[in-house]
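Report on the structure
Each chain, written out:
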Amino acid sequence: MTRFDSLFQQGLQKLAEQGRLRTQRSLDSSGDNFIRSDGTVLADFSSNDYLGLRRHPLLLQRAAEWGARYGAGSGASRLVSGTCSGALRLEQRLATLKGMEAACIFSSGWQANATLVPALVRLCVTATGAQPVILADKLIHASLYQGCAAAGIVPIRFRHNDLKHLATLLEKHADAAGMKIVLTESVFSMDGDRADLAALGNVCRAHNAFLCVDEAHATGILGHNGKGLSDGHADMVIGTFSKALGTMGAFVCSSSAVCQWLRTSGSGYIYSTAPSPMVLGAADAALDLLTEPETEEVRCKVAALSERLRQHVAAAGLETGPSSTQIVPVVVGREQTALRLAQLMEEAGFLTVAIRPPTVPPGACRLRIVIHGNHTEPQIDALAHCLVTAWKSMQ
Ligand code: PMP
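Here the structure is a predicted model, which means the values were calculated and not measured.

Now for the domain arrangement of the chain. On domain assignment, one finds that the chain holds domain 1 (24-53 + 293-393) and domain 2 (57-290). Each of domain 1 and domain 2 was reduced to a C-alpha centroid, and the two centroids are 27 Å apart. Each partner contributes to the interface: domain 1 provides 21 residues, whereas domain 2 provides 21 residues. At the level of secondary structure, the elements contributing two or more residues to the side of domain 1 that touches domain 2 comprise helix H11 (293-315) and strand E11 (327-333). Looking at side-chain class alone, the side of domain 1 that touches domain 2 contains 10 nonpolar, eight polar and three charged residues.

So, in structure tokens, the structure goes:
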């Protein structure tokens, strides 16, 4: 107990009254299933392990090899003595994947995003003497907002994927003394839709704005050999190891100069112990797999299964929004509705988690259904059937 527990209890009570209390439970993974603590097996339609790599023998083997060679931990931050030769080789491979000059590895996507925004702001102030103007797609991930907050900047939000709105705002700030920085994602995590990065790149070039794209949900699963969708359109690209690459951690790719600035000025890079070599080994193995013909087949399969699910769901009159990727949200509106639907799905053996505010706007609660390479057509049909039956039973 601490002397402050009653205060914390009050806070928790307030959140509970607002229905905002968050909980967690134990779910052990077993193949492409989860095992609940009571032994119930649930098919995984929830995790971001899109390619089903986190149990791949090559990842497990490479993690063990890098552990044996470099240690279970890196022992220090990157600039002290935590840069093993494997990390440098991996960064070069990641830069090549994204068609850019250089890359910096971080321990998580959150850490990368929360670090890079303040580092860009610092660059702008150092080089130009003025604060940048940050323009952010309304639906960017919380970690990029965290980066803005850490830098003391309130981003100007443009309507989701609305390039006209962005162009108008850039025009309005044409005479800004500092840089203009645009933050977006190539695949949006809660809607599964994509940004038009070619058009966005053109808008940013026309207005001399620095384009930063988070490819957490595209890396490994979309684009040629899983390189994502940024394809030379962005000035900075973030990828994560934590989704399709089956492990944890993240990387930021850009020019050598930008990455050198991040290494010199990114607090989350400088003041944090470098990621475990075992994790980096697993990521290295995942990169090997991305270019395998079988992995391309898996990517195609995931795309086809996702479309199959969208069609089933739409035929039943349910809403999947603008999804065009492996993330298929079934938007049902109210919080209680989403929770009840998730519960009925779980009773039928499917783990499809309800997403609620503040992760999504009030009234846009949903089941975020995620398709994996290990899923099958009969499984998708069974999931859709169950979803529609459960939905009808609730009307
Ligand atoms: N960016 C996006 C778009 C995300 O969805 C997430 C988390 N799911 C992150 C960054 C954070 O990545 P990580 O989980 O590796 O911290």
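A few words on the packing of H11 against helix H13 (residues 377-393). In a packed pair of helices, the relevant descriptors are the angle between the two axes and the axis-to-axis distance. Two elements in contact, H11 and H13, have axes separated by 10 Å at closest approach and are oriented at 25°. Classified by the interaxial angle, the pair formed by H11 and H13 is roughly parallel. Crossing geometry of H11 relative to H13 is assigned as right-handed. Contact with H11, carried on its side by Leu-305, Arg-308, Leu-309, His-312 and Val-313, involves Glu-377, Ile-380, Ala-384 and Leu-387 of H13 and no other residues of that element. Tallied by class, residues from the contact of H11 with H13 come to six nonpolar, one polar and two charged.

Here we take up the UniProt feature "domain: Aminotransferase class I/classII large" (unreviewed entry) in the chain. Under the UniProt annotation, "domain: Aminotransferase class I/classII large" (unreviewed entry) lies at residues 44-385. Its end C-alpha atoms 16 Å apart, residues 44-385 is made of 44% helix and 15% strand.

Our focus in this paragraph is the nonpolar core. Counting 116 residues, the largest nonpolar core has Ala-103, Val-182 and Val-252 as its most contacted members. Looking at which domains feed residues into this core, each of domain 1 (24-53 + 293-393) and domain 2 (57-290) supplies at least three. Excluding anything up to four places from it in sequence, Ala-103 contacts Glu-91, Leu-94, Ala-95, Phe-251, Val-252, Cys-253 and Cys-259.

Hydrogen bonding along the main chain pairs the strands of a sheet, whether they run parallel or antiparallel. Spatially, the seven strands line up as an open sheet ordered E4-E10-E9-E8-E7-E5-E6, and their pairing is mixed. Each having just a single partner strand, strand E4 (102-106) and strand E6 (156-158) make up the two edges of the open sheet. Strand-to-strand, the axes of this sheet are offset by a mean angle of 20°, without reference to chain direction. Pairing of strand E5 (residues 133-137) with strand E7 (residues 180-185), which is carried by four bridges, proceeds in the parallel orientation. In the sheet register, Val-133 faces E7, and the bridge partner there is Lys-180. Strand contacts of helix H8 (residues 256-265): E4, strand E9 (236-240) and strand E10 (250-254), with the helix running at about 25° to E4, the strand carrying the most contacts.

With that settled, consider the site of the ligand. Around the ligand, the structure places 14 residues, and the nearest of them are Ser-108, Gly-109, Trp-110, Ser-189 and Ser-242. Considering every element that reaches the shell around the ligand, the biggest residue donor is helix H4 (residues 109-128), with three residues. Looking at the shell around the ligand residue by residue, the classes come out as three nonpolar, nine polar and two charged.

Reading the values: the criteria
Residues numbered from 1 in each chain as written. Predicted model: local features only at pLDDT ≥ 70, side-chain atom pairs only at ≥ 80, totals over all residues. Domains from an automatic or database assignment. Contact = placed C-beta atoms within 7 Å. Helix = DSSP H or I, 4+ residues; strand = E, 2+ residues; numbered from the N terminus. Nonpolar A, V, L, I, M, F, W, Y, C, P; charged D, E, K, R; others polar. Axes fitted to C-alpha atoms, helices over the stretch in contact; angles between N-to-C directions. Parallel < 35°, antiparallel > 145°, perpendicular 65-115°, else oblique. Left-handed = near helix turned anticlockwise from the far one by under 90°. UniProt positions renumbered as here; feature names shortened; annotations may be inferred. Core = buried A, V, L, I, M, F, W, Y, C linked by C-beta atoms within 7 Å. Buried ≥ 20, exposed ≤ 12 C-beta atoms within 10 Å, placed from the backbone. Pairing = 2+ DSSP bridges. Near = placed C-beta within 6 Å.

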